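This is what each chain is made of:
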Amino acid sequence: MFAILAAVIVIFSVLTVTSRRILRAAVFLLFVLVATGGLYFMLNYQFLAAVQLALYAGGIVVLIIFSVLLTSHIAHKFEPVGWKKSVFTALAVSAGAILTIVTILNYTFAANAQVAQEVDMNVIGSKLLSYGHNGYVLPFEVISVLLLAAMVAAIVIAKKGGPAEVKIKETNQ
Amino acid sequence: MNSGIPLQFFIVLATLMFFIGIYGFLTRRNLITILMSVELILNSVNINFLAFNRYLFPGELEGHFFSLFVIAIAASEAAVAIAIIINIYRRFTTVNVEDVDKMKF
(Lines give C-alpha, C1' and ligand atoms only; values in the text may rest on other atoms or scores of the structure.)
Protein backbone atom coordinates (compact mmCIF):
# COMPACT_ATOMS: atom_id res chain seq x y z
CA MET A 1 0.00 0.00 0.00
CA PHE A 2 2.77 2.40 0.92
CA ALA A 3 4.60 1.54 -2.31
CA ILE A 4 1.54 2.38 -4.40
CA LEU A 5 1.00 5.70 -2.63
CA ALA A 6 4.68 6.60 -2.86
CA ALA A 7 4.78 5.77 -6.58
CA VAL A 8 1.65 7.85 -7.20
CA ILE A 9 3.08 10.78 -5.25
CA VAL A 10 6.48 10.78 -6.97
CA ILE A 11 5.19 10.18 -10.52
CA PHE A 12 2.41 12.74 -10.33
CA SER A 13 4.64 15.32 -8.60
CA VAL A 14 7.06 15.08 -11.49
CA LEU A 15 4.19 15.38 -13.96
CA THR A 16 2.83 18.38 -12.05
CA VAL A 17 6.05 20.34 -12.46
CA THR A 18 6.80 19.23 -16.02
CA SER A 19 3.40 19.08 -17.75
CA ARG A 20 3.06 21.65 -20.48
CA ARG A 21 -0.70 22.04 -20.15
CA ILE A 22 -1.59 23.95 -17.02
CA LEU A 23 -4.97 22.32 -16.43
CA ARG A 24 -3.37 18.87 -16.53
CA ALA A 25 -0.77 20.05 -14.05
CA ALA A 26 -3.60 21.08 -11.70
CA VAL A 27 -5.26 17.66 -12.01
CA PHE A 28 -1.96 15.88 -11.35
CA LEU A 29 -1.55 18.05 -8.27
CA LEU A 30 -4.98 16.83 -7.15
CA PHE A 31 -3.78 13.22 -7.43
CA VAL A 32 -0.69 14.02 -5.36
CA LEU A 33 -2.80 15.65 -2.65
CA VAL A 34 -5.22 12.72 -2.49
CA ALA A 35 -2.34 10.25 -2.23
CA THR A 36 -0.90 12.35 0.60
CA GLY A 37 -4.24 12.03 2.36
CA GLY A 38 -3.88 8.26 1.95
CA LEU A 39 -0.51 8.44 3.67
CA TYR A 40 -2.15 10.22 6.61
CA PHE A 41 -4.67 7.38 6.83
CA MET A 42 -1.76 4.93 6.89
CA LEU A 43 -0.26 6.85 9.81
CA ASN A 44 -3.61 6.62 11.65
CA TYR A 45 -4.34 10.34 11.59
CA GLN A 46 -7.89 10.12 10.33
CA PHE A 47 -8.87 13.67 11.22
CA LEU A 48 -5.93 15.19 9.43
CA ALA A 49 -6.53 12.99 6.39
CA ALA A 50 -10.10 14.27 6.25
CA VAL A 51 -8.85 17.85 6.57
CA GLN A 52 -6.33 17.21 3.81
CA LEU A 53 -8.99 15.84 1.46
CA ALA A 54 -11.53 18.54 2.23
CA LEU A 55 -9.20 21.53 2.31
CA TYR A 56 -6.49 20.71 -0.18
CA ALA A 57 -8.21 18.42 -2.64
CA GLY A 58 -11.58 20.09 -2.28
CA GLY A 59 -10.65 23.71 -1.68
CA ILE A 60 -7.24 24.72 -2.93
CA VAL A 61 -7.29 22.64 -6.11
CA VAL A 62 -10.70 24.01 -7.04
CA LEU A 63 -9.40 27.52 -6.38
CA ILE A 64 -6.34 26.85 -8.57
CA ILE A 65 -8.45 25.38 -11.36
CA PHE A 66 -10.77 28.39 -11.28
CA SER A 67 -7.87 30.81 -11.52
CA VAL A 68 -6.36 28.74 -14.33
CA LEU A 69 -9.61 29.00 -16.24
CA LEU A 70 -9.74 32.73 -15.57
CA THR A 71 -6.20 33.53 -16.64
CA SER A 72 -5.19 31.24 -19.49
CA HIS A 73 -6.62 29.73 -22.60
CA ILE A 74 -7.65 26.11 -22.22
CA ALA A 75 -5.61 24.80 -25.16
CA HIS A 76 -2.56 26.89 -24.36
CA LYS A 77 0.70 24.97 -24.12
CA PHE A 78 3.79 26.33 -22.41
CA GLU A 79 6.89 26.57 -24.48
CA PRO A 80 9.33 23.95 -23.22
CA VAL A 81 11.90 24.99 -20.65
CA GLY A 82 15.30 25.62 -22.17
CA TRP A 83 17.54 22.57 -21.84
CA LYS A 84 20.31 24.52 -20.13
CA LYS A 85 18.01 25.77 -17.44
CA SER A 86 16.27 22.45 -16.87
CA VAL A 87 19.54 20.48 -16.81
CA PHE A 88 21.23 22.80 -14.34
CA THR A 89 18.16 23.03 -12.12
CA ALA A 90 17.82 19.25 -12.18
CA LEU A 91 21.49 18.91 -11.25
CA ALA A 92 21.19 21.31 -8.32
CA VAL A 93 17.96 19.73 -7.13
CA SER A 94 19.20 16.15 -7.37
CA ALA A 95 22.41 17.12 -5.56
CA GLY A 96 20.31 18.49 -2.72
CA ALA A 97 18.03 15.46 -2.72
CA ILE A 98 20.90 12.97 -2.70
CA LEU A 99 22.67 14.82 0.10
CA THR A 100 19.50 14.86 2.20
CA ILE A 101 18.66 11.21 1.54
CA VAL A 102 22.19 10.04 2.38
CA THR A 103 22.04 12.01 5.63
CA ILE A 104 18.66 10.50 6.50
CA LEU A 105 19.75 6.94 5.77
CA ASN A 106 22.91 7.31 7.86
CA TYR A 107 21.08 8.63 10.90
CA THR A 108 19.60 6.23 13.41
CA PHE A 109 16.33 7.52 14.76
CA ALA A 110 15.84 6.66 18.41
CA ALA A 111 12.33 5.28 18.68
CA ASN A 112 10.41 6.45 21.69
CA ALA A 113 8.71 3.85 23.82
CA GLN A 114 5.70 5.99 24.67
CA VAL A 115 2.23 4.58 24.50
CA ALA A 116 0.55 5.72 21.30
CA GLN A 117 -2.10 8.31 22.00
CA GLU A 118 -5.48 7.88 20.40
CA VAL A 119 -6.25 10.85 18.12
CA ASP A 120 -10.00 11.30 18.08
CA MET A 121 -12.07 14.43 17.82
CA ASN A 122 -12.40 14.64 21.59
CA VAL A 123 -8.64 14.83 22.15
CA ILE A 124 -8.13 17.26 19.27
CA GLY A 125 -10.87 19.61 20.45
CA SER A 126 -9.77 19.70 24.06
CA LYS A 127 -6.10 20.16 23.11
CA LEU A 128 -6.95 23.03 20.76
CA LEU A 129 -8.83 24.85 23.48
CA SER A 130 -6.64 24.00 26.45
CA TYR A 131 -4.28 26.60 27.84
CA GLY A 132 -2.46 24.27 30.19
CA HIS A 133 0.49 22.00 29.44
CA ASN A 134 0.57 20.97 25.76
CA GLY A 135 -2.40 23.20 25.02
CA TYR A 136 -2.74 24.98 21.70
CA VAL A 137 -5.18 27.79 22.40
CA LEU A 138 -2.73 30.57 21.47
CA PRO A 139 -1.84 29.24 17.98
CA PHE A 140 -5.51 28.43 17.51
CA GLU A 141 -6.47 32.05 18.16
CA VAL A 142 -3.62 33.35 16.02
CA ILE A 143 -4.67 31.12 13.13
CA SER A 144 -8.27 32.28 13.40
CA VAL A 145 -7.18 35.92 13.19
CA LEU A 146 -4.89 35.01 10.29
CA LEU A 147 -7.72 33.32 8.40
CA LEU A 148 -9.94 36.35 8.89
CA ALA A 149 -7.18 38.68 7.73
CA ALA A 150 -6.47 36.50 4.69
CA MET A 151 -10.13 36.46 3.76
CA VAL A 152 -10.42 40.24 4.00
CA ALA A 153 -7.15 40.68 2.12
CA ALA A 154 -8.21 38.37 -0.70
CA ILE A 155 -11.46 40.26 -1.15
CA VAL A 156 -9.78 43.67 -1.04
CA ILE A 157 -7.02 42.70 -3.46
CA ALA A 158 -9.24 40.98 -6.01
CA LYS A 159 -11.98 43.60 -5.82
CA LYS A 160 -12.44 45.53 -9.00
CA GLY A 161 -11.86 49.26 -9.15
CA GLY A 162 -10.32 50.06 -5.78
CA PRO A 163 -8.79 53.51 -5.23
CA ALA A 164 -5.28 52.25 -6.06
CA GLU A 165 -6.34 50.96 -9.44
CA VAL A 166 -8.04 54.22 -10.38
CA LYS A 167 -4.91 56.15 -9.44
CA ILE A 168 -2.70 53.91 -11.60
CA LYS A 169 -5.07 54.28 -14.53
CA GLU A 170 -4.93 58.04 -14.16
CA THR A 171 -1.15 58.11 -14.17
CA ASN A 172 -1.07 55.83 -17.19
CA GLN A 173 -3.13 58.17 -19.28
CA MET B 1 4.77 0.13 14.86
CA ASN B 2 2.04 0.45 12.31
CA SER B 3 2.39 -2.02 9.43
CA GLY B 4 6.18 -2.20 9.79
CA ILE B 5 7.19 0.50 7.32
CA PRO B 6 10.41 2.17 8.45
CA LEU B 7 10.34 5.85 9.26
CA GLN B 8 13.05 6.49 6.68
CA PHE B 9 10.70 5.58 3.83
CA PHE B 10 8.34 8.38 4.74
CA ILE B 11 11.13 10.93 5.08
CA VAL B 12 12.78 9.93 1.81
CA LEU B 13 9.42 10.23 0.06
CA ALA B 14 8.90 13.68 1.57
CA THR B 15 12.42 14.68 0.49
CA LEU B 16 11.74 13.64 -3.10
CA MET B 17 8.47 15.55 -3.12
CA PHE B 18 10.15 18.62 -1.63
CA PHE B 19 12.90 18.73 -4.23
CA ILE B 20 10.50 18.09 -7.09
CA GLY B 21 8.59 21.11 -5.81
CA ILE B 22 11.81 23.15 -5.75
CA TYR B 23 12.52 22.07 -9.34
CA GLY B 24 9.08 23.28 -10.42
CA PHE B 25 9.53 26.50 -8.48
CA LEU B 26 12.78 27.26 -10.32
CA THR B 27 11.84 26.22 -13.85
CA ARG B 28 8.21 27.30 -14.17
CA ARG B 29 7.39 30.70 -15.59
CA ASN B 30 3.65 30.86 -14.88
CA LEU B 31 2.57 32.24 -11.51
CA ILE B 32 -0.11 29.60 -10.99
CA THR B 33 2.26 26.70 -11.62
CA ILE B 34 4.72 28.28 -9.20
CA LEU B 35 1.92 28.31 -6.64
CA MET B 36 1.33 24.60 -7.32
CA SER B 37 5.01 23.89 -6.64
CA VAL B 38 4.73 25.73 -3.34
CA GLU B 39 1.76 23.52 -2.43
CA LEU B 40 3.89 20.43 -3.16
CA ILE B 41 6.62 21.74 -0.86
CA LEU B 42 4.17 22.45 1.97
CA ASN B 43 2.66 18.97 1.61
CA SER B 44 6.02 17.24 1.86
CA VAL B 45 6.74 19.13 5.06
CA ASN B 46 3.42 17.96 6.47
CA ILE B 47 4.29 14.33 5.74
CA ASN B 48 7.54 14.83 7.65
CA PHE B 49 5.82 16.29 10.69
CA LEU B 50 3.24 13.51 10.87
CA ALA B 51 5.73 10.68 10.32
CA PHE B 52 8.04 12.00 13.04
CA ASN B 53 5.11 12.44 15.39
CA ARG B 54 3.80 8.92 14.83
CA TYR B 55 7.13 7.10 14.96
CA LEU B 56 9.28 9.02 17.42
CA PHE B 57 6.79 10.67 19.80
CA PRO B 58 3.55 8.70 19.62
CA GLY B 59 2.43 9.95 23.02
CA GLU B 60 2.44 13.60 21.97
CA LEU B 61 0.44 15.50 19.37
CA GLU B 62 2.87 18.31 18.45
CA GLY B 63 3.38 17.26 14.84
CA HIS B 64 -0.31 16.69 14.34
CA PHE B 65 -1.23 20.18 15.43
CA PHE B 66 1.67 21.76 13.64
CA SER B 67 0.62 20.25 10.34
CA LEU B 68 -2.96 21.32 11.04
CA PHE B 69 -1.71 24.90 11.34
CA VAL B 70 0.48 24.48 8.25
CA ILE B 71 -2.59 23.40 6.28
CA ALA B 72 -4.53 26.44 7.51
CA ILE B 73 -1.68 28.79 6.58
CA ALA B 74 -1.34 27.11 3.16
CA ALA B 75 -5.03 27.66 2.53
CA SER B 76 -4.91 31.37 3.39
CA GLU B 77 -1.68 31.76 1.42
CA ALA B 78 -3.31 30.19 -1.64
CA ALA B 79 -6.34 32.47 -1.32
CA VAL B 80 -4.25 35.65 -1.09
CA ALA B 81 -1.86 34.50 -3.83
CA ILE B 82 -4.71 33.77 -6.24
CA ALA B 83 -6.27 37.16 -5.49
CA ILE B 84 -2.94 38.80 -6.32
CA ILE B 85 -2.56 36.69 -9.47
CA ILE B 86 -6.02 37.67 -10.70
CA ASN B 87 -5.25 41.31 -9.99
CA ILE B 88 -1.97 41.03 -11.91
CA TYR B 89 -3.80 39.40 -14.81
CA ARG B 90 -6.34 42.19 -14.86
CA ARG B 91 -3.62 44.80 -15.00
CA PHE B 92 -1.08 43.18 -17.33
CA THR B 93 -3.22 40.51 -19.08
CA THR B 94 -0.53 37.94 -18.40
CA VAL B 95 0.56 35.77 -15.48
CA ASN B 96 4.04 35.13 -16.81
CA VAL B 97 6.65 36.20 -14.26
CA GLU B 98 9.00 37.51 -16.93
CA ASP B 99 6.43 39.92 -18.34
CA VAL B 100 5.43 41.43 -15.01
CA ASP B 101 8.25 43.89 -14.39
CA LYS B 102 6.42 47.14 -13.81
CA MET B 103 8.05 47.70 -10.41
CA LYS B 104 11.56 47.10 -11.69
CA PHE B 105 13.71 50.21 -11.61
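Up top is the structure.
The structure displayed is predicted, hence computed values, not measured ones.

This brings us to the overall build of chain A. Assigned secondary structure in chain A consists of 7 helices and 0 strands. For chain A, the succession of helices and strands along the chain, N to C, is α-α-α-α-α-α-α. On C-alpha atoms alone, chain A measures out to a radius of gyration of 22 Å, which is more than a quarter above the 16 Å that the 2.2 N^0.38 rule sets for 173 residues. For the C-alpha atoms alone, the extent of chain A along its principal axes is close to 70 × 45 × 25 Å. Relative to its 173 residues, chain A shows a buried fraction of 20%. In chain A, the share of contacts with a sequence separation of at least 24, taken over all contacts with a separation of at least 6, comes to 45%.

Okay, the environment of Asn46 of chain B next. Residue and element names in this part refer to chain B. Following the sequence through the fold, Asn46 ends up in helix H2 (residues 31-56). The class for Asn46 is buried, based on 24 C-beta atoms found within 10 Å. For the pair Asn46 and Phe69, spaced 23 residues apart in the sequence, the C-alpha separation amounts to 9.9 Å. In contact with Asn46, not counting residues within four places along its chain, are Ser67, Val70 and Ile71.

With that settled, consider the environment of Ala111 of chain A. Within the secondary structure, Ala111 of chain A sits in the loop between helix H4 (83-106) and helix H5 (121-129). Residue Ala111 of chain A is classed as exposed on the basis of its 12 C-beta neighbours within 10 Å. Among residues more than four places away in sequence, those in contact with Ala111 of chain A are Tyr55 and Leu56 of chain B.

The rules we used
Residues numbered from 1 in each chain as written. Chains lettered and ligands numbered in written order. Predicted model: local features only at pLDDT ≥ 70, side-chain atom pairs only at ≥ 80, totals over all residues. Helix = DSSP H or I, 4+ residues; strand = E, 2+ residues; numbered from the N terminus. Rg over C-alpha atoms; globule rule 2.2 N^0.38 Å. Buried ≥ 20, exposed ≤ 12 C-beta atoms within 10 Å, placed from the backbone. Contact = placed C-beta atoms within 7 Å.

Geometry only, nothing functional implied.
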